[in-house]
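One-letter residues, chain by chain:
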Amino acid sequence: MVYGKRCHLPVELEHKAFWVVNKVNYDWDKAGQARKLEIQELKEIRREAYDNAVLYKERMKKSHDALITNKQFSFGQKVLLYQTRFKFAQGKLSTKWTGPFEVQTQFPNGAVEIKNPKSGGVFKVNGQRLKAYYRHKPDAGEELDLNPATNILG
């Protein structure tokens, strides 16, 4: 059945394996102390990783907050509102700014109350979604040439 090799019963194998393990780890107290040290080192490594993650998040928050600018608006100033809602038929060259709107009130937390001059509706928005509206008023003598053949730079 084993083709010329010695036959070992599972009980013998288990018994021999027990004695080998016992021989390698003869001092159970020493092995237990080593295992406790490994577990403590693992806890220290985990704590260090957690602290590093907290430091990283603080640095990233600081760098992102540095990009936020405080915009100041005055009463009656014209502003444009960034449209964040998804529009299904919007083309890639269409503008995402709507307006102009009139500023009614600016709150200390950055919110701004704006009024739609067409409908008269007043609502609050985040001040980061607004930008000042500057309308170009052409001079009375200024003419615009709309012929593309004459507008070529050269």
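Residues numbered from 1 in each chain as written. Predicted model: local features only at pLDDT ≥ 70, side-chain atom pairs only at ≥ 80, totals over all residues. Heavy atoms only, no water.

**Student:** Report on the nonpolar core, specifying residues and quantitative values.
**Tutor:** Among the nonpolar cores identified, the biggest contains nine residues, and these are Phe73, Val79, Leu81, Phe101, Val103, Val112, Ile114, Val125 and Leu130. Taken together, the elements giving at least two residues each to this core come down to strand S1 (78–82), strand S2 (97–106) and strand S3 (111–115). Setting aside residues no more than four positions away along its own chain, Phe101 makes contact with Gln77, Lys78, Val79, Leu81, Ile114, Lys115, Asn116, Pro117 and Phe123. (Core = buried A, V, L, I, M, F, W, Y, C linked by side-chain atoms within 4.5 Å. Buried < 20%, exposed > 50% of the residue type's maximum accessible area, 1.4 Å probe, protein only. Helix = DSSP H or I, 4+ residues; strand = E, 2+ residues; numbered from the N terminus. Contact = heavy atoms within 4.5 Å.)

**Student:** Could you give me a rundown of the packing of aromatic side chains, with the residues and numbers involved?
**Tutor:** Counting across every chain of the model gives two aromatic pairs. Between the aromatic rings of Tyr82 and Trp97, the centroid separation amounts to 5.2 Å while the plane-to-plane angle is 70°, which identifies the pairing as edge-to-face. Of the two residues, Tyr82 is situated in strand S1 and Trp97 in strand S2; the sequence distance between them amounts to 15 residues. Judged by relative accessible area, Tyr82 falls into the partly exposed class, the value being 31%. Above the ring of Phe107, the side-chain terminus of Lys124 is found at 4.6 Å from the ring centroid. The cationic tip of Lys131 hangs over the ring face of Trp97; the distance from NZ or CZ to the ring centre is 4.3 Å. (Phe/Tyr/Trp six-rings, centres within 6.5 Å; stacked < 30°, edge-to-face > 60°. Lys NZ or Arg CZ within 6 Å of the ring centre and 35° of its normal.)

**Student:** Requested: an account of the pattern of salt bridges, with residues and values cited.
**Tutor:** A complete count under the given rule lists four salt bridges for this structure. Linking Glu102 and Lys78 is a salt bridge whose minimum nitrogen-to-oxygen distance equals 3.4 Å. Taken as a pair, Glu102 in strand S2 and Lys78 in strand S1 lie far apart in primary sequence, 24 residues in all. Given a relative accessible area of 23%, Glu102 falls into the partly exposed group. (Salt bridge = Lys/Arg side-chain N within 4 Å of Asp/Glu carboxyl O.)

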